[in-house]
Amino acid sequence: MTSHTTVTQHDDENLWLEDIYGEAPLAWVRERNALTEEKLQSAEYAALENRVLEVLDSKDRIAEVVKRGDHYYNLWQDEANPRGVWRRTRWESYLSDSPEWETVLDLDALGAAEGSQWVWHGTSFLRPAKGEPHRRCLIRLSPDGGDAHVQREFDVVEKAFVDPAAGGFVLPVAKSDASWKDADTLIVSTDFGPGTLTSSSYPRTARLLRRGQELSAAEPYFEVPTEHMVTHVFHDDTPGFERDIALDVIDFFSRQTYLRRGEAWQSLELPADVNVELHRQWMLLRPQSDTEVAGTALLGGALYAIELEEFLAGAGGFITVFSPDAQTSLQGWSWTKNYLLLELLQDVSSKILICDPAAGFAHRELDACPPLHVVGITPVDGDDEGLSAEGFAGDDYWLTITGFLTPSTLLRGSVTPGSPAARQLKASPSFFNEVNYRVEQHFASSLDGTKIPYFQVSPRSLALDGDNPVLLSGYGGFEISRTPVYSGVVGRGWLERGGSYVVANIRGGGEYGPGWHLAALKENRHKAYEDFAAVAQDLIARKVTRRQKLACQGGSNGGLLVGNMLTQYPELFGAISCGVPLLDMKRYTKLSAGFSWIAEYGDPDVPEQWEYIKTFSPYHLLQAGVDYPPTFIWTATSDDRVGPVQARKMAARMEAMGIAPLWYLESLEGGHAGAADNAGRARLATAPLEFIWRALNDGEL
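Note that the coordinates shown come from a computational prediction; the quantities given were computed from them, not determined experimentally. (Residues numbered from 1 in each chain as written. Predicted model: local features only at pLDDT ≥ 70, side-chain atom pairs only at ≥ 80, totals over all residues. Heavy atoms only, no water.)

Caption draft 1: Spatial organisation of the sheet that holds strand 3 (residues 85-89). On the basis of which strands lie adjacent, the open sheet formed by 4 strands has the order 1-2-3-4 and antiparallel pairing. The two strands at the open ends of the sheet, each matched to only one other strand, are strand 1 (66-68) and strand 4 (102-106). Between one strand and the next, the sheet's axes are offset by a mean angle of 30°, whatever the strand orientation. Examined bridge by bridge, strand 1 and strand 2 (residues 71-76) share 3 bridges and lie antiparallel to one another. Its bridge partner lying in strand 2, Val-66 is registered against Tyr-73. (Pairing = 2+ DSSP bridges. Helix = DSSP H or I, 4+ residues; strand = E, 2+ residues; numbered from the N terminus. Axes fitted to C-alpha atoms, helices over the stretch in contact; angles between N-to-C directions.)

Given below as structure tokens:
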């Protein structure tokens, strides 16, 4: 297989498109949007988009809830509530088929009253005094779906914002972070003015903001250097373990943790690539790579525990909670009141362990994980003191089970030994005829011999004749794992039309732990692309498909992935869908939050690093005379993480080079997700699928 990596040096003729809200660039966007929308005009496409929207708006889907006191809160979006309604119910009502929901805040009504189409970003509750109900919270609302948001104090008893004139907290639009220190004090990290943001566009200072105080008068509390990524400072309000914790996030994979001791910050002397969590008396450590702490060798990807005060006193008696093997990795953990819950992947299928700190973190496996499925476990309320109003203690958990052909189910159980099996509470509806399909896992051999797993979802009647339309999806970055999850959108938008769907678990991701991620960093980035190409080649070799019937899709870092498929492996693909992508790796550090990803890709301003970065910069790899596959590039104007600029410039250069067919679509809102409501999500899900289907089946482009 030939890899097209010759780099042609260009002057950047498209710098003018970097003016995100400039009149000329937006006119360019509107012109291309109009062309794409015109091509989508057909009764068949409208029907497909409506069927996808039915999935997203379905009133039968699971209403996921968060427990706060005796209430269960949920943010719900549908046709009648496009921006969403924040609502709550009680336990017995939630158990019913038709819960009685109490509206706490109607975002559509709020937007109409205030003239701003708010997008929900979540809440942060103040812990109430013992015996009192939850009352005050901060609500985060984005004006356009981007990462920047306002934060406003809200009273869930009165169901109203707290009047700023009466001392209610309000933080203006910014990429801000806020934690309740007490009822009248916030720890705030935000844009306080010149010099208070990092080079990555995130806050570098945290300050104490007291009720009734102007933001400009907030007291400095913690700060990090400008070249670091961000600071996070928060108050741990666990009864008996109240403390302030500060994180100096140096880059995506390096950080230093501090504890407030009296009037000063005390550093936890740990290697920068060790993830740290403090929970009650415990400190958990998960190293990214093999390291040594307090004279003890620690294995990358393992999880260790030690009592915090013992560590601060210089002890090194680490308890090994989990140790990885070649097939098994730790994906995450959480705590009930008395137990530690571990989420593992074993060859990209879930495994759950329940660990007992009182017994030296001895563990048992939760028998709830079918093969080729992903299972999530989280505590219902790990802070419950005694029994809650519905009779449950703090060792209850939510369990979510899903697979490519298994609509999600929600269960509730208890990890207390002797408890009955988890009880199924809710099940998502079926959106396509799953029985007609099958899921298989295969392993492709990458260029260096590494075995790369991938999932294949295809019709049971699939003929291995090389004539099947296949959509190959991947990501391969930031230690993010791609797992087998149900999607009614994929079912209706792709499988029902006769396609097969494939998910590749390439290096750069986290499917096999941090080592799988580290294997494709910086100068080794090419390994992620070789892995993805190997999966494509394996599909062709197995006669599942052929080049003219094989498409790939990816978003964000996955957009960079498929951008490299376009430019380095065009002979493998019949169509490309590239969403909210990184593509110009020469200037990515200067665009939106790009500076924060240097640890992943390298720094193009360092000449020796640019030498390898330029080999995976699609914007610079385009060449005349190459048979490129049809390409759909989509992005969002309001994306303040990756930004729309790189997508614009790539499309403009491809146009100038006469590379076609090429469709371009830029949503005006929705941030990095590209959409703020279900109608927008349906469009951004369906339009690329329609493009790909036409491209693979000789349709009109």
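Caption draft 2: Region of interest: the pattern of salt bridges. Evaluation of the coordinates by the stated rule reveals 45 salt bridges. The residue Lys-649 makes a salt bridge to Asp-12 at a minimum N-O spacing of 2.7 Å. Of the two residues, Lys-649 is situated in helix 13 (residues 645-656) and Asp-12 in the segment before helix 1 (23-39); the sequence distance between them amounts to 637 residues. Of the residues examined, Asp-12 reaches a relative accessible area of 23% and is grouped as partly exposed. Between Asp-155 and Arg-135 there is a salt bridge whose closest N-O contact spans 2.7 Å. (Salt bridge = Lys/Arg side-chain N within 4 Å of Asp/Glu carboxyl O. Buried < 20%, exposed > 50% of the residue type's maximum accessible area, 1.4 Å probe, protein only.)

Caption draft 3: Looking closely at the pairing of strand 26 (residues 349-356). Counting buried residues along strand 26, 7 of its 8 residues qualify, which places the element largely inside the surrounding structure. With 7 bridges joining them, strand 25 (residues 340-346) and strand 26 adopt antiparallel strand pairing. In the strand pairing of strand 26, Glu-343 is matched with Ile-352. Where strand 25 folds back on strand 26, the antiparallel hairpin that results is connected by 2 residues, among which Asp-347 adopts a positive phi of roughly 50°. As paired strands, strand 26 and strand 27 (residues 362-366) are joined by 5 bridges and run antiparallel to one another. Each residue of the ladder has a partner; that of Ile-352, found in strand 27, is Leu-366.

Caption draft 4: Looking closely at the sheet that holds strand 13 (residues 219-223). Strand order in the open sheet made by the 4 strands is 10-11-12-13, with antiparallel pairing throughout. Whereas interior strands pair on both sides, the edge strands pair on one side only; in this sheet they are strand 10 (177-182) and strand 13. Neighbouring strand axes in the sheet, compared pairwise and without regard to direction, differ in orientation by 25° on average. Relative to strand 11 (residues 185-189), strand 10 runs antiparallel, the two being bridged by 5 bridges. Its bridge partner being in strand 11, Asp-182 is matched across the sheet by Thr-185.

Caption draft 5: Molecular detail of the side chain of Ser-93. Following the sequence through the fold, Ser-93 ends up in helix 3 (residues 91-95). On the basis of relative accessible area, Ser-93 is assigned to the buried category, the value being 19%. At a separation of 3.0 Å, a polar atom in the side chain of Ser-93 contacts the side chain of Thr-89. For Ser-93, the residues in contact, after removing those within four places along its chain, are Pro-99 and Glu-100. (Polar contact = N/O pair within 3.5 Å; in protein donor to acceptor, adjacent residues only side chain to side chain. Contact = heavy atoms within 4.5 Å.)

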